[in-house]
Amino acid sequence: MRRPLVAGNWKMNGTRSSVAELTQGLVRQVLPESVDIAVFPSFIHVDLVRSALAGARVSVGAQDCAQESEAGALTGEVSSGQLYELGCEWVLVGHSERRLIVGEDDGVVSRKFAAALAGGLKPVLCLGETLEQRRSGKTLDVVLGQLCRVIEDHGVSVFNNAVIAYEPVWAIGSGLTATPEEAQEVHAAIRRCLANEDAAVAEITRLLYGGSVKAENAAELFAMADIDGGLVGGASLKADEFGAICRAAGN
Ligand code: 13P
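Owing to the predicted nature of the structure, the values given are computational and were not obtained by experimental measurement. Within any chain, residue numbers begin from 1 and follow the written order of that chain's sequence. In keeping with the model being predicted, local features are shown solely for residues with a pLDDT of at least 70 and side-chain atom pairs are shown and tallied solely at 80 or more, while totals for entire chains, interfaces and linings include all residues. The side-chain numbers reported here are obtained from all heavy atoms of the structure, hydrogens and water having been left aside.

What about the side chain of Arg206?
And then number 1: Relative to the assigned elements, Arg206 resides in the loop between α9 (199–204) and β7 (207–210).
And then number 2: By the convention used here, residues are in contact when the closest approach between their heavy atoms is within 4.5 Å. If we skip the residues at most four places from it in the chain, Arg206 touches Arg2, Arg3, Pro4, Leu5, Asp36, Trp90, Val163, Ile164 and Asp228. A run of H or I in DSSP becomes a helix once it reaches four residues, and a run of E becomes a strand once it reaches two; helices and strands are each numbered from the N terminus.

Examining the sheet that holds strand β2 (residues 36–40)
And then number 1: Two strands qualify as a pair provided DSSP detects at least 2 bridges between them. Ordered in space as β1-β2-β3-β4-β5-β6-β7-β8, the 8 strands form a closed barrel in which the pairing is parallel. Sheet twist, expressed as the mean angle between neighbouring strand axes with direction ignored, is 25°.
And then number 2: Pairing of β2 with strand β3 (residues 58–62), which is carried by 3 bridges, proceeds in the parallel orientation. If you follow Ile37 over to β3, its bridge partner there is Val58.
And then number 3: Only the stretch in contact is used when a helix axis is fitted, and all axes are lines through C-alpha atoms; the angle between N-to-C directions ranges over 0 to 180 degrees. Each of β5 (122–127), β6 (163–166) and β7 touches helix α8 (residues 180–197); the most contacted strand, β7, lies at about 150° to it.

Remarks on the packing of aromatic side chains
Where two aromatic rings form a pair, the distance of their centres and the angle of their planes describe that pair.
And then number 1: Aromatic pairs are defined between Phe, Tyr and Trp rings, using the six-membered ring for Trp, whenever the two ring centres lie within 6.5 Å; interplanar angles under 30 degrees are classed as stacked, those over 60 as edge-to-face, and all others as tilted. Overall, the coordinates contain 2 aromatic pairs when judged by the stated rule.
And then number 2: With a centroid separation of 5.5 Å and 55° between ring planes, the pair formed by Phe113 and Phe159 is classed as tilted. Taken together, the positions of Phe113 in helix α5 (residues 106–118) and Phe159 in the loop between α7 (139–154) and β6 put the pair 46 residues apart, joining distant regions of the chain.
And then number 3: Lysine NZ or arginine CZ positioned within 6 Å of the ring centre and within 35 degrees of the ring normal marks a charge as sitting over the ring. Between the NZ or CZ atom of Lys122 and the centre of the ring of Trp90, over which it lies, the distance is 4.5 Å.

Description of α7
And then number 1: Here a helix's expected span is defined as the number of its residues, less one, multiplied by 1.5 Å. Under the 1.5 Å per step criterion, the end-to-end length of α7 is 23 Å for 16 residues, consistent within 8% with the ideal 22 Å.
And then number 2: Tucked inside the fold, the buried residues of α7 contact α4 (96–102), α5, β5, α6 (131–135), β6 and α8.

Describing the packing of α7 against α8
In helix packing, the relevant descriptors are the interaxial angle and the interaxial distance, both defined with respect to the helix axes.
And then number 1: α8 packs onto α7 with a crossing angle of 35° between their chain directions and a minimal axis gap of 10 Å. The handedness of the crossing between α7 and α8 comes out as right-handed. For the pair formed by α7 and α8, the contact residues are Thr139, Leu140, Val143, Leu144, Leu147, Cys148 and Ile151 on the first element and Val186, Ala189, Ile190, Cys193, Leu194 and Glu197 on the second.
And then number 2: Amino acid classes used here: Ala, Val, Leu, Ile, Met, Phe, Trp, Tyr, Cys and Pro are nonpolar; Asp, Glu, Lys and Arg are charged; the rest, including Gly, are polar. Here the residues of the contact of α7 with α8 are counted per class, giving 11 nonpolar, 1 polar and 1 charged. Crossing handedness follows the turn of the near helix against the far one: under a right angle anticlockwise gives a left-handed crossing, and clockwise gives a right-handed one.

Here we look at the pattern of salt bridges
And then number 1: By definition, a salt bridge exists where a carboxyl oxygen of Asp or Glu is found within 4 Å of a side-chain nitrogen of Lys or Arg. The tally for this structure, following the rule as stated, stands at 17 salt bridges.
And then number 2: Between Arg98 and Asp64 there is a salt bridge, with the nearest N and O atoms lying 3.3 Å from each other. Highlighted residues: Arg98 in helix α4 and Asp64 in the loop between β3 and α3 (80–86), separated in sequence by 34 residues.
And then number 3: We call a residue buried when its accessible area falls under 20% of the maximum for its residue type, exposed when it is over 50%, and partly exposed in between, using a 1.4 Å probe and counting protein chains only. When its relative accessible area of 23% is taken as the criterion, Arg98 is described as partly exposed.
And then number 4: For Asp64, a relative accessible area of 9% gives the class buried.
And then number 5: The salt bridge partner of Glu241 is Lys238, with a shortest N-O separation of 3.6 Å.
And then number 6: By relative accessible area, Lys238 is classed as partly exposed at 48%.

Have a look at this one:
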């Protein structure tokens, strides 16, 4: 049985005071014992959030890391090792906002994935198609293509220590959610792709759904056979709503 994971991606949001308020709100939530919970603040708030959540059973991740794991000359970047030292357990890799706005391609994403593992972090590999790609029937080609690059470069066993998040780009921040059936179809294809390489890895790898997950739609998404939790954006900035999503994963 896979343990559900609910992750909150805070993106480029928050001030020191709003982040302190959000973490205080999280500490007050009744969170299910049966669910792993993580939040992903901006780099500059990681330390604050780690301290505020100490003892709260909510782990902390970063939203990105450098493609090199060794310390050195890479101005402006933050390494996985530095994040590990700060107490991060996770790091997002390949979020569509980084692929599409910053311009990270599959090669960069694959190197960041390896760098994350080398620094002691567990990567959350984000995959997803645009609306145009979905409308032209390319969803599975795109999503499995993004996944294949990591498998080709590093082997499928890396997923013993990683999580995959399927986030259709058209559902992110748009209020449009994939239906549970639409999401399940892609999740099942991702799991089949892993199983073609190694059935045991496919069985244990957690697949999260992301894209306008809210308290009101979380339960029906999490009820699907291959959806093992969520990667939540906007709704994770409200402690009560995020708490309700975590409880939905525990039911
Ligand atoms: P929303 O939940 O705001 O749609 O964002 C999803 C997301 O991108 C999480 O990484």
